[in-house]
Amino acid sequence: MVSSFGTIHIQFLLEGAVWTIILSACAFIGGGVMGLIIALMRISPVWTVRTFAAAYIQLVQGIPLLVLMFTGFFGLPAIGVPVSPLMAATISMTVWVGAYLGEFWRGSLEAVPKSQWEAAECLALSRAQRMFKVIIPQAVRNATPGTVGFMVQIIKNTSLASAVSFVDLTRAGQLINNSIFEPFITFVAVAVIYFLLCFPLSVLSRRLERRMARGMAKA
Amino acid sequence: MNNATENKPVIVLRDVEKSFGQVKVLHGVSFEVQRGQVTVLIGRSGSGKSTALRCIDRLETVNAGYIEVCGHVVTDPALELRKLRLDVGIVFQSYNLFPHLTIGQNIMLAPRSVKNLPKTETVELARACLEQVGLGDKFDAYPEQLSGGQQQRAAIARSLAMQPKVMLFDEVTSALDPELTGEVLKVIERLAAGGMTMVIVTHEMNFARRIADQLVFMHQGKIWEKGPGAILDAPQTPELQRFAAQEL
């Protein structure tokens, strides 16, 4: 007996959406920490550190996220590291987000005028103090709109975790379709939920960007 | 303090050479600054005076020559820069206040994080430094809320809070409207009267003549004349003669 698309399916999709949000949050936190480390390494005065971070960024940006997911989910257990689907997806997303945010945040750090570095240096602040008390607070302001915008990419790309048996919104849609075979309405419903998750972030990002542009004009 | 250290110059530049790529900007620059003395570097834009000043605080590294400041050998590659910067304060043309911090926080940042002074003490210190530059009521203002002249005075207060032995001023009034220049120069003159050792790069010739114990005239990376403010009235070289005729 094939039932038609109904409340119970919506409920199942929303449960999937909750997991999408959880994975997105994990990816953002993990990737954020990774991105900060990579960004700081990219502007290190030590050549090897800088080059290592640059190589990491180039490497990750040259690999499809889906392949990173497979490497995490199938590859890690194969070398003796057991991982749950959520764990595998989080690790893969962290690696991926870290590379993109690292490169983006490096730009934001370097966009802080050199004269600010100089002023901080001449007050005898140590490199760490200059970074955390003078440069990063200003870079955060530059980077916020773009970072919020990138969160949209993170949410959409968590859908690839459905390929490693993580039951997120996309995978929930596939499971429903497998049982009731109503692909159009099912995936339209999935699409609508993704849109509702992403749209507010897009609006927020654009609003922050406009506010920043106004702030610049004033200063 | 014994006489030997008292008579030793606080700043020494000897045969300093500096190039940016192919362009040589300092050709054998030498001068000395005694304790409590005000030295003013004058010359046209591009004469090397700002570069010479920046070399004193190791914001530029020199290609040859010797620089010593408060006993620190600046030209020694192994110099601990932070020790040098504890003794030397510098104020820039573009103020370079930290825009995300209030004026009070700008001033307290270094005494708190570098000298580890307790909070209450740094608040008092910051208020005292702001009083000194006539900005006692701007403790909680943000830099963007102040005029250029006020921002520059706040920047001076920020340097003073570290209680440096030497103050460097790099064209600190060049970005200001003429009516705001005076208030900044007055602050510097008060510091001079208080016995602060200073090196000043400026285009304000009347101010230079008034304040300088030693005037240093630079042209095309070389020092042509140095002496008291009176050298402007009786130039010995055609270069200074031409410069003085134009500027005064």
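Residues numbered from 1 in each chain as written. Chains lettered and ligands numbered in written order. Predicted model: local features only at pLDDT ≥ 70, side-chain atom pairs only at ≥ 80, totals over all residues. Heavy atoms only, no water.

A. How the structure looks around the overall build of chain B. From N to C terminus, chain B includes 9 helices and 10 strands. Over its C-alpha atoms chain B spans a radius of gyration of 18 Å, differing by no more than 12% from the 18 Å that the globule rule assigns to 248 residues. C-alpha extents for chain B along the principal axes are approximately 55 × 45 × 40 Å. Considering chain B as a whole, with its 248 residues, one finds that 56% of them fall into the buried category. In chain B, once contacts between residues fewer than 6 apart in sequence are set aside, the share between residues at least 24 apart is 64%. Total accessible area on chain B stands at roughly 10,800 Å², and carbon and sulfur atoms take up 47% of it. Separation between the mean location of the 27 positive side-chain charges and that of the 28 negative ones in chain B comes to 3 Å. (Helix = DSSP H or I, 4+ residues; strand = E, 2+ residues; numbered from the N terminus. Rg over C-alpha atoms; globule rule 2.2 N^0.38 Å. Buried < 20%, exposed > 50% of the residue type's maximum accessible area, 1.4 Å probe, protein only. Contact = heavy atoms within 4.5 Å. Areas by Shrake-Rupley, 256 points an atom, 1.4 Å probe, with all protein chains shown as cover. Lys, Arg positive; Asp, Glu negative; His and termini not counted. Charge placed at Lys NZ, Arg CZ, Asp CG, Glu CD.)

B. Inspection of the sheet that holds strand E4 (residues 64–69) of chain B at higher detail. Residue and element names in this part refer to chain B. Within the open sheet, the 4 strands sit side by side as E2-E1-E4-E5. Their pairing is antiparallel. Each edge of the open sheet carries a strand with a single partner, namely strand E2 (23–33) and strand E5 (72–73). Sheet analysis places E4 next to E5, joined by 2 bridges and oriented antiparallel. Across the sheet, the residue bridging to Val69 is His72, located in E5. (Pairing = 2+ DSSP bridges.)

C. Inspection of the environment of Thr51(A) at higher detail. All names here are of chain A. As for its placement among the helices and strands, Thr51 is situated in helix H2 (residues 47–61). Classification of Thr51 by relative accessible area gives partly exposed; the value is 32%. Reaching out from Thr51, the side chain makes a polar contact with the backbone oxygen of Trp47 at a distance of 2.7 Å. (Polar contact = N/O pair within 3.5 Å; in protein donor to acceptor, adjacent residues only side chain to side chain.)

D. Molecular detail of the interface of chain B and chain A. Across the contact, 22 residues belong to chain B and 18 residues belong to chain A. Both faces considered, chain B and chain A share a buried interface measuring about 1,800 Å² in area, 62% of it formed by carbon and sulfur atoms. In terms of surface lost to chain A, no three residues of chain B exceed Arg85(B), Phe98(B) and His100(B), which account for 29% of the buried area on that side. Inspection of the region where chain B meets chain A yields 2 salt bridges. At the junction of chain B and chain A, the tally comes to 7 residue pairs in polar contact (both at pLDDT 80 or more). Within the residue set of the side of chain B that touches chain A, elements represented by two or more residues are helix H3 (81–87), strand E6 (88–91) and helix H4 (103–113) of chain B. At 4 residues, H3(B) tops the list of elements feeding residues into the side of chain B that touches chain A. (Buried area = accessible area lost by both parts, 1.4 Å probe. Salt bridge = Lys/Arg side-chain N within 4 Å of Asp/Glu carboxyl O.)

E. Just the environment of Ala64(B), in detail. Residues and elements named next belong to chain B. Take Ala64: it is sitting in strand E4. Exposure remark for Ala64: the relative accessible area of 33% places this residue in the partly exposed category. For the pair Ala64 and Glu17, spaced 47 residues apart in sequence, the C-alpha to C-alpha distance is 5.0 Å. Setting aside residues up to four positions removed in sequence, Ala64 forms contacts with Asp15, Val16 and Glu17.

F. Region of interest: the side chain of Gln214(B). Residues and elements named next belong to chain B. Relative to the helices and strands, Gln214 resides in strand E9 (residues 214–219). Of the residues examined, Gln214 reaches a relative accessible area of 13% and is grouped as buried. A polar atom in the side chain of Gln214 sits 3.0 Å from the backbone oxygen of Glu32. Excluding its chain neighbours within four sequence positions, the residues that come into contact with Gln214 are Glu32, Val33, Gln37, Val38, Thr39, Val40, Lys226 and Gly227.

G. How the structure looks around helix H5 (residues 114–122) of chain A. Of the positions making up H5(A), those classed as buried are Gln116(A), Trp117(A), Glu118(A), Ala119(A), Ala120(A) and Cys122(A). Buried residues in H5(A) make contact with helix H4 (85–110) and helix H6 (127–157) of chain A together with helix H2 (49–56), H3, E6 and helix H6 (148–160) of chain B. Just downstream of H5(A) lies Ala124(A), where phi reads positive at about 70 degrees.

H. Main features of the state of the cysteines. A full pass over the atoms with the stated rule returns 0 disulfides over all chains. Summary of cysteine pairing: Cys26(A) is not part of a disulfide, and the nearest cysteine sulfur, belonging to Cys198(A), is at 17 Å. (Disulfide = S-S within 2.5 Å.)

I. Molecular detail of the sheet that holds strand E10 (residues 222–227) of chain B. All names here are of chain B. What the 6 strands build is an open sheet, ordered E6-E7-E8-E3-E9-E10; its pairing is mixed. Sheet topology places E6 and E10 at the edges, where each strand pairs with a single neighbour. Direction aside, the axes of adjacent strands within the sheet are offset by 15 degrees on average. As judged from the 5 bridges shared by strand E7 (residues 166–170) and strand E8 (residues 197–201), these two strands associate in the parallel manner. Among the inter-strand pairings, Leu168 is bridged to a residue of E8, identified as Val199. Across the sheet, H6 touches E6 and E7, and the angle it forms with E6 is around 170 degrees. (Axes fitted to C-alpha atoms, helices over the stretch in contact; angles between N-to-C directions.)

J. How the structure looks around the pairing of E2(B). Residues and elements named next belong to chain B. Direction of pairing for strand E1 (residues 11–20) relative to E2: antiparallel, over a ladder of 7 bridges. Bridge pairing links Ser19 to Lys24 in E2. From the end of E1 to the start of E2, which pair antiparallel, there are 2 residues, and Gly21 there has a positive phi angle of about 60 degrees.

K. Representation of the nonpolar core within the structure. Counting residues in each nonpolar core, the largest one holds 78 residues, and the members touching the most others are Ile11(B) and Val69(B). Examining the composition of this core, we find that 9 residues originate from one element, H4(A), more than from any other. With sequence-adjacent residues up to four places away left out, Val69(B) is seen in contact with Val10(B), Ile11(B), Ile56(B), Val74(B), Leu84(B) and Val88(B). Of all hydrophobic cores here, the second largest spans 50 residues; its members include Phe139(B), Leu215(B), Phe217(B) and Leu240(B). (Core = buried A, V, L, I, M, F, W, Y, C linked by side-chain atoms within 4.5 Å.)

So far we have only geometry, and geometry alone does not tell us how the molecule works.
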